[in-house]
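Reading the structure
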Amino acid sequence: MTRVHNFSAGPAALPLEVIKHAQQELTDYKETGRSIMELSHRSAHYEEIDQQAKARLRNLLGLGDKFEIMFLQGGASSQFMMAPYNFLGKDQTADYIDTGRWSAKAIKEAEIFGNVHVPFSSAEGNYDRVPTQDELKFSDNPQYVHFTSNNTVAGTQFPVEPDTNGVPLVCDASSDFLSRPIDVDKYGIIYAGAQKNVGPAGVTVVIIKKDFLAQANTENVPTILQYGTHTGKIFNTPPTFNVYMVNLVLKWIEGKGGLSGFKSFNEKKAKKVYDAIDADDFYRGAVDKESRSLMNVTFRLPSEELEQKFVDEAVKHDLYSLKGHRSVGGIRASIYNACPMESVDTLVDFMNDFRSNNG
Ligand SMILES: *Cc1c(COP(=O)(O)O)cnc(C)c1O
């Protein structure tokens, strides 16, 4: 059995080296006679993994000691609730940039806690773009500005962080976390479900600036939902195997040149697919060119019939999970960090052949 070319949006492809490493020590982790899944989260072995993973994140992102890092559960979707629970009081306002389905879900949760102002929305254009800086109409004194750095469903991505004039950014970075360097000083919170770019489903990486955390509301917030509960000593049983996998992925990222290495690798991969799309008008990019994502490349074919045929024939070339999100249709190729160049080259060859045979 060979591995297929996996373009799944999430849970997504993981580096083969990482999976093999995990396989090799699965039944006996470092001569403990047990798997990592069977060891206490208070054991020295697990503590080491937790500390290593945090140190690697600190290094890769350049966080210094200004940030707390936590490995939580409940997915990015729980952060839609947890962030406003901690940082948005009843009479306060937070700004939420609405650039996709996930942004809209975050807005819905925040509205439970306080006032939400939307400085920009591309909902009317089916989320086909992110805003330019001039289009952002922030409120006077928001607690924070929330944005979704990469819009997994539509296939758009902020080329740089929005400029908020010093107001902390709260970012759902689920689908482009660690795909490129970012300016961490602009962020109050960065959160990401692991299953797109950094590991298996089941753990959510949350990074919070200490200054920002100091302003969190703790009154009437259940203990486990307070960010402050998860700094320092591990509060309750974390998803230990998932953190173990994340740590291996982080090590793999380090070995491949870190975030600047991945930035250029991801740009190269995306360019190949977008060039194939732009070669003539058989394929059409689904979003504005300036807003195109390096992670989720979305495009259309001349008809829905041809799109179905494309997906069906792709499988015969070992190209899997290319169907667009059910809410938008079309084709989506998710080419996160772990998607090898070989998969992109195979996809582009297939796109060119398909165009010759059907154009
Ligand atoms: C996948 C995704 C989510 C949802 O993550 P869960 O872990 O399923 O809650 C949220 N935001 C973005 C940008 C995503 O890509």
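Thresholds, definitions, all that
- Residues numbered from 1 in each chain as written.
- Predicted model: local features only at pLDDT ≥ 70, side-chain atom pairs only at ≥ 80, totals over all residues.
- Heavy atoms only, no water.
- Phe/Tyr/Trp six-rings, centres within 6.5 Å; stacked < 30°, edge-to-face > 60°.
- Helix = DSSP H or I, 4+ residues; strand = E, 2+ residues; numbered from the N terminus.
- Buried < 20%, exposed > 50% of the residue type's maximum accessible area, 1.4 Å probe, protein only.
- Near = heavy atom within 4 Å.
- Polar contact = N/O pair within 3.5 Å; in protein donor to acceptor, adjacent residues only side chain to side chain.
- Nonpolar A, V, L, I, M, F, W, Y, C, P; charged D, E, K, R; others polar.
- Core = buried A, V, L, I, M, F, W, Y, C linked by side-chain atoms within 4.5 Å.
- Domains from an automatic or database assignment.
- Contact = heavy atoms within 4.5 Å.
- Expected span 1.5 Å × (residues − 1).
- Axes fitted to C-alpha atoms, helices over the stretch in contact; angles between N-to-C directions.
- Parallel < 35°, antiparallel > 145°, perpendicular 65-115°, else oblique.
- Left-handed = near helix turned anticlockwise from the far one by under 90°.
- Buried area = accessible area lost by both parts, 1.4 Å probe.
- Salt bridge = Lys/Arg side-chain N within 4 Å of Asp/Glu carboxyl O.

**A few points about the packing of aromatic side chains**
Following the criterion strictly, the structure yields 20 aromatic pairs and no others. Where F262 meets F265, the ring centres are 6.1 Å apart and the plane angle is 75 degrees; that geometry is what we call edge-to-face. In this pair, F262 and F265 are both assigned in helix α7 (residues 258-278), three residues apart and thus about one turn of the helix distant. For F262, a relative accessible area of 3% puts it in the buried group. Overall, the relative accessible area of 23% leaves F265 in the partly exposed class. Through a chain of ring-to-ring contacts, the aromatic side chains of F282, Y283, F299, F310, F350 and F354 assemble into a single cluster.

**Focus on the site of the ligand**
For the ligand, the set of nearby residues contains 13 residues, the closest of which are S77, T152, D172, Q195 and K196. Contact between the ligand and D172: a nitrogen atom at 2.6 Å from a side-chain N or O atom of the residue. For the shell around the ligand, the leading source of residues is helix α3 (residues 75-87), giving four residues. In terms of residue class, the shell around the ligand is built from three nonpolar, eight polar and two charged.

**What to know about the nonpolar core**
Core analysis: the biggest nonpolar cluster contains 51 residues, and L57, L61, F177, L178 and I207 have the highest contact counts within it. Considering every element that reaches this core, the biggest residue donor is helix α6 (residues 240-255), with nine residues. Shared between two domains, this core holds at least three residues of each, these being domain 1 (16-255) and domain 2 (258-358). Apart from the residues lying within four places of it in its own chain, the contact partners of I207 are L61, L63, F67, E68, I69, F177, G188, I189 and I190. Core analysis: the second largest hydrophobic core is formed by 27 residues, V297, L322, I331 and M351 among them.

**Some remarks on α6**
At 3.6 residues per turn, the α-helix brings residues three or four places apart onto the same side. The end-to-end C-alpha distance of α6 is 23 Å, a good match for the 22 Å that 16 residues give at a rise of 1.5 Å each. Burial runs high along α6: twelve of the 16 residues are buried. For α6, the full list of buried residues reads T240, N242, V243, Y244, M245, V246, N247, L248, V249, L250, W252 and I253. Buried residues in α6 make contact with α1 (16-24), α2 (44-61), β2 (67-72) and α7. The first or second residue beyond α6 is G257, which carries a positive phi of 95 degrees.

**So, the packing of α1 against α6**
Relative to each other, α1 and α6 sit at 135 degrees, their axes nearing to 10 Å. When the axis of α1 is compared with that of α6, the two are oblique. Seen along the crossing, α1 lies across α6 with a hand that is right-handed. For the pair α1 and α6, contact is made by E17, V18, H21 and A22 and by Y244, M245, L248, V249 and W252, respectively. Of the residues in the contact of α1 with α6, the class split is seven nonpolar, one polar and one charged.

**What about unusual backbone geometry?**
Backbone torsion omega between G10 and P11 reads -15 degrees, so that peptide bond is classified as cis. Assignment of secondary structure puts P11 in the loop between β1 (5-6) and α1. In this structure, E31 is a non-glycine residue whose phi angle is positive, near 60 degrees. The backbone of N220 sits at a positive phi, close to 60 degrees, despite the residue not being glycine.

**What about the domain arrangement of the protein?**
Quoted interface sizes are often the accessible area lost when the parts come together. In terms of domains, the protein is made up of domain 1 (16-255) and domain 2 (258-358). Buried area between domain 1 and domain 2, both sides added, is near 2,100 Å², and the carbon and sulfur share of it is 57%. Inspection of the domain 1/domain 2 interface yields zero salt bridges. If you look at where domain 1 meets domain 2, you find 13 residue pairs in polar contact (both at pLDDT 80 or more).

**Remarks on the side chain of N358**
Following the sequence through the fold, N358 ends up in helix α9 (residues 341-358). We classify N358 as buried; its relative accessible area is 18%. Of the polar contacts made by the side chain of N358, one reaches the backbone oxygen of F354; its length is 2.9 Å.

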